[in-house]
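Notes for the structure review
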Amino acid sequence: MNEKFKETFREEAEELLGHLEDILLELEEKPTDAELVNAAFRAIHTIKGSAGMFGFEKAGRFTHDLESLLDECRAGRRAVDKRLVDLSLRARDKIRSLIAQDDSSAEFDAEALAMMEEFRAMAAESSGKPAQEDQKPKADETGRQREAMATRVLEASIADSGADGSGLSATYRIRFEPAPDIFLNGTRVLRLFDELATLGQLSSMPDTGRIPMLESLDPETCYVIWEAILTTSAGIDAIKDVFIFVEDSSKVKIELIDDRLDPSEGVRKLGEILVERGTVKPEDLGEALRSQRKLGEVLLERKVVTDSELESALVEQAHLKKVQERQTEGPSMSIRVASDKLDELVDLVGELVTMQARLLRTSVELADPGLSSIAEQVDRLVEQLRDNAMGMRMLPIGSTFNKFRRVVRDLSAELGKNVDLVAVGADTELDKTVIERLNDPLVHIIRNSLDHGIESPADRVAVGKTATGTIRLAAEHSGANVVISVSDDGKGMDLSAIRAKAIERGILGPQEQLSEADALMLVFRPGFSTARNVTSVSGRGVGMDVVKREIDSLGGSVSVESRPGKGSTVVLKIPLTLAIIEGMLVRIADEFYVLPLSIVEACVEANDDDSTDGSKLVQFRGDLIPYIDLKEFFSVPGEPVENRQIVVVNVQESRVGLVVDAVIGDNQTVIKPMGRMYRNAVGLSGATILGDGRVALIVDCMKVVEAIPERELKARSR
Amino acid sequence: MAILHAEAGRYLSFILGSEVYAVPVGKVEVVLETPLVTRVPNAEPHLRGVINYRGSVVPVIDPRLRFGGTPIPLDDTTSVIVLQMRYEGEEVVVGMLADSVREVVDVAASDIEPAPKMGSLSAGKFVAGVAKLGGEFVVILDVEAAFSQAATVTESARA
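1. Some points on the overall build of chain B
- Scanning chain B for helices and strands turns up two helices and 11 strands.
- What you see in chain B, going N to C, is helices and strands ordered as β-β-β-β-β-α-β-β-β-β-β-β-α.
- Per-residue burial for chain B yields a buried fraction of 38% across its 159 residues.

Here's what the structure looks like:
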């Protein structure tokens, strides 16, 4: 069997198994949800079918019995209980390892055999027949049977789309003839159509035939009539609701064209549509058709229809065609793309953005109006292309969060603790590579919370807490960062134990004094662990230092808070680190720097008397905010200049002014790494190439602001 | 570091101060004449900045500062030798400043001699060997040692 196909199968199976895990975990909470049982069955069924096709016979055989068991549940002959979910989850892991091994010749190991026995036993319990009679798959399954299986998979997924897709959709023709004075009462007509568009697939066509010549036109009167075709599953009442405030004065006509378009019927003929609309009488149509020319042209010539009536019918035809095509396209609208191809795309877009900056610059220099307009249009396109390319790499972090459910479930069982995982902000989007790299650190943190943070149920009840602990996983955007926090309501961190351990391990001198915050940070030091017993979970002294290292390498930061008896929170702050950001280009002497535009609040002129008392504070919107002279910070050589600018940035909830010589303007900034040699360059996060080919440096405002003494940051609140 | 491991082969020779140096041609990607070097603040002194090399941002190192000399002036005669080398286990591209670039020379094994006492530059540990070519000493530079050594210095300075 071709390795490439196998690889594809593995990828797909990995995805399906991940999906299956989510379903099973949800099923554990909602054991009576028939849709979930169905979904689990379908996932298993698909895996079984394709495993057989791609030569993973062992995985296929193993999966078969699980499928039969789930089929029993699906048929309602067996209820979903904890035992079933447990077994299914373990089986899922087994399938995964069987697929990874890809060794169909070997015998099943004892674990697999035991599981298969259990599947059959459980299935037999429900159907009341002895396990031995249960159908066994034959090893010499013929190719045709496999083919049949694959077809069934396909059918299943098509049927899904009907059931899952929001019910039956129907297509309506809407004619909206607004009252001439509709503008006078403040109605925004186009808003109505925006609202319609949210219901489904909308095509609209304004009929402008009634607009008079300019001299007799009253700008406050509405002359336009709209025809719209809407395919929606929301029902006619939803459409009527859109027009509820205008239906008294305006004419609204809603007709059902078709309940459900049959793709096999072929595209509707223009003539049919016209007759159905009452635009053309059947006899006129017959006559026009006999002329053997394009129907529209003939009808127009004979003045049977007007231009706009014809156009409206054509829009309807196009709309119906689109809807039909959509239905035949099937359920899957996504395709699988290798991630390095996406990376390559983003690289290329990056190059394009840089070239575009050059094009704009050159067009400004040449001052050729033709070239300028092209450059501007290309600029818009490049920007859209950039957003699109970047968007493809953005994934909601929820996909990672789901994996942690399993971690929490298994671990809490192992440790004899009751723990709920609450995830907030699962739709927060982050660059794909960042999400991948966050996985391990988050697992470590969650394990730590479970192992060291959350107490045993008895201990919890003893201190008046609920027996079930909670781990809260939250993600949110904050400026150019994503803040991810993992908090538990456990016993918090034991500061004296941390200190004692740090001294024992030689991390801390016996006499050294540390602030509470600094003491907590000790847990991120290599070789630190306060767990008394080494468990399989954590406490091996690896983990938290790995977390810190990984987050550091992502350019982020880790902090930890703890309240004794109440729990602790680990906060990760991760820069979005997109390959391309919106930047603001500034100049200091003859050097160029880029500030991330997302954190820039304002640019103001620097007054020389702002800092007469040397306090390095400046007035901004009635507040005193601290400022940093970037020229000083980056030791830029050059004479002092007048009329400098202060860029006010918002960093970690504080406003800080950054003084520069001049603000050049917006810059689409393609972030280029400066390489490992510069990883210690304070206050810089990368570099970018400007339109003229020179390199500008990207300022890491967070690091710059850290240079400001704490008391001055607080001055603002005074 | 004192082990001499220079091999026979083709080398690119260049001038640093008053001495002639060489690096294996195989490591050289290109020689750039007077590229625009962007200074990178708050970095180690011998890192003079970055350049745009075919759309990538490449660090520029000043070997004279690395060996404890005076900085190479950035003017019309300055060249940047773009090298491929290993740095902390990764293949990286760096630009090395040179006062000027001379030529590609063939060095036979018999030309390579043990390093004499170094004169003006204390580059002893970065020397892979010394070749005597036409009555002139050419110092064969071990760029990897020169750069990774730099990293070690930084690490200990940080701790």
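2. Some details on unusual backbone geometry
Residue and element names in this part refer to chain A.
- Backbone geometry places Ala367, a non-glycine residue, at a positive phi of 50 degrees.
- Structurally, the position occupied by Ala367 is in the loop between helix 13 (339–366) and helix 14 (369–393).
- A tally of 8 C-beta atoms within 10 Å means that Ala367 is categorised as exposed.
- For Asn643, which is not glycine, the phi torsion reads 55 degrees and is therefore positive.
- Structurally, Asn643 is set in the loop between helix 21 (630–633) and strand 17 (645–651).

3. Thoughts on the pairing of strand 6 (residues 79–87) of chain B
Residue and element names in this part refer to chain B.
- In the sheet, strand 3 (residues 28–33) pairs with strand 6 via five bridges, with the strands oriented antiparallel. When the sheet's bridge partners are listed, Glu33 is paired in strand 6 with Ser79.
- Sheet topology places strand 6 next to strand 7 (residues 90–98); nine bridges connect them, and they run antiparallel. By the bridge assignment, Ile81 is partnered in strand 7 with Met96.

4. A closer look at the sheet that holds strand 11 (residues 136–141) of chain B
- If you trace the six strands from one edge of the open sheet to the other, you get 8-1-2-11-10-9 (chain B), paired in mixed fashion. Strands at the two margins of the open sheet, each flanked by one partner only, are strand 8 (100–107) and strand 9 (112–113) of chain B.

5. So, the confidence of the model for chain B
- Scored by pLDDT, chain B has a mean of 81; 82% of the residues are at 70 or more.
- Listed scores for the predicted complex are pTM 0.49 and ipTM 0.85.

6. Some points on the pairing of strand 5 (residues 56–61) of chain B
- For strand 5 of chain B, the buried fraction is high: five of the six residues fall into the buried class.
- Here strand 4 (residues 47–53) of chain B folds back onto strand 5 of chain B, and the loop between the two strands holds two residues, one of which, Arg54(B), carries a positive phi near 50 degrees.

7. A look at the confidence of the model for chain A
Residues and elements named next belong to chain A.
- Of all residues in chain A, 84% attain a pLDDT of 70 or more, and the chain-wide mean is 78.
- Low pLDDT (under 50) marks residues 129–166, which in the prediction has 32 contacts with non-local residues, meaning those over four places away or in another chain.
- Predicted confidence is poor over residues 532–541, with pLDDT under 50, and the contacts of this stretch with residues over four places away or in other chains come to 22 contacts.

8. A closer look at the interface of chain A and chain B
- Counting residues at the interface gives 21 residues for chain A, matched by 20 residues for chain B.
- Contributing elements (two or more residues each) for the side of chain A that touches chain B: strand 20 (684–689) and strand 21 (695–699) of chain A.
- Of the residues belonging to the side of chain A that touches chain B, the class tally is 11 nonpolar, five polar and five charged.

9. Details of the sheet that holds strand 5 of chain B
Residues and elements named next belong to chain B.
- Ordered in space as 3-6-7-5-4, the five strands form an open sheet in which the pairing is mixed. If you trace the sheet from one side to the other, it starts and ends with strand 3 and strand 4, each paired once. Between one strand axis and the next, the sheet turns by 35 degrees as a mean value, whatever way the strands run.
- As paired strands, strand 4 and strand 5 are joined by six bridges and run antiparallel to one another. The residue of strand 5 that forms the bridge with Gly49 is Val60.

10. Points about the nonpolar core
- Judged by nonpolar contacts, the single largest core of 89 residues is most densely connected at Leu595(A), Val647(A), Val649(A), Leu658(A), Ile140(B) and Leu141(B).
- Composition of this core by domain shows at least three residues from each of domain 3 (339–392) and domain 5 (580–717) of chain A.
- Beyond its immediate chain neighbours, meaning those up to four positions away, Leu141(B) contacts Tyr21(B), Ala22(B), Val23(B), Phe126(B), Val127(B), Ala128(B) and Ala146(B).
- Ile397(A), Val408(A), Val486(A) and Leu508(A) belong to the second-largest nonpolar core, a separate cluster that totals 36 residues.

11. Focus on helix 16 (residues 432–453) of chain A
- The end-to-end C-alpha separation of helix 16 of chain A is 30 Å, in line with the 32 Å expected for 22 residues at 1.5 Å each.
- Along helix 16 of chain A, the largest kink reaches about 35 degrees and is centred on Asn439(A); proline Pro441(A) follows within four residues of it.

12. Regarding the packing of helix 13 of chain A against helix 14 of chain A
Residue and element names in this part refer to chain A.
- Two numbers describe how helix 13 lies on helix 14: the axes approach to 9 Å, and their chain directions differ by 160 degrees. Classed by the angle they form, the pair helix 13 and helix 14 counts as roughly antiparallel. Regarding helix 13 and helix 14, the two cross each other, and that crossing is left-handed. Contacts between helix 13 and helix 14 pair Leu342, Leu345, Val346, Val349, Leu352, Val353, Gln356, Leu359, Leu360, Ser363 and Leu366 from the former with Leu371, Ser372, Ala375, Val378, Asp379, Val382, Leu385, Arg386, Ala389, Met390, Met392 and Arg393 from the latter.

13. Observations concerning the packing of helix 3 (residues 57–74) of chain A against helix 4 (residues 82–101) of chain A
All names here are of chain A.
- Between helix 3 and helix 4, the shortest axis-to-axis distance is 9 Å and the interhelical angle comes to 165 degrees. Relative to helix 4, the element helix 3 lies roughly antiparallel. Considering only the axes of helix 3 and helix 4, their crossing is left-handed. For the pair formed by helix 3 and helix 4, the contact residues are Lys58, Ala59, Phe62, Thr63 and Leu66 on the first element and Ser88, Ala91, Lys94, Ile95, Leu98 and Ile99 on the second.
- When its residues are assigned to classes, the contact of helix 3 with helix 4 shows seven nonpolar, two polar and two charged.

14. Things to note about helix 3 of chain A
- In a regular helix each residue adds 1.5 Å, so 18 residues correspond to 26 Å; helix 3 of chain A covers 25 Å between its end C-alpha atoms and thus fits that length.
- Burial of helix 3 of chain A is extensive: 15 of the 18 residues sit out of reach of the surface.

Quick notes on the rules
- Residues numbered from 1 in each chain as written.
- Chains lettered and ligands numbered in written order.
- Predicted model: local features only at pLDDT ≥ 70, side-chain atom pairs only at ≥ 80, totals over all residues.
- Helix = DSSP H or I, 4+ residues; strand = E, 2+ residues; numbered from the N terminus.
- Buried ≥ 20, exposed ≤ 12 C-beta atoms within 10 Å, placed from the backbone.
- Pairing = 2+ DSSP bridges.
- pLDDT = per-residue confidence, 0-100.
- Contact = placed C-beta atoms within 7 Å.
- Nonpolar A, V, L, I, M, F, W, Y, C, P; charged D, E, K, R; others polar.
- Axes fitted to C-alpha atoms, helices over the stretch in contact; angles between N-to-C directions.
- Core = buried A, V, L, I, M, F, W, Y, C linked by C-beta atoms within 7 Å.
- Domains from an automatic or database assignment.
- Expected span 1.5 Å × (residues − 1).
- Bend = angle between axes of the 7 residues up to and from the residue.
- Parallel < 35°, antiparallel > 145°, perpendicular 65-115°, else oblique.
- Left-handed = near helix turned anticlockwise from the far one by under 90°.

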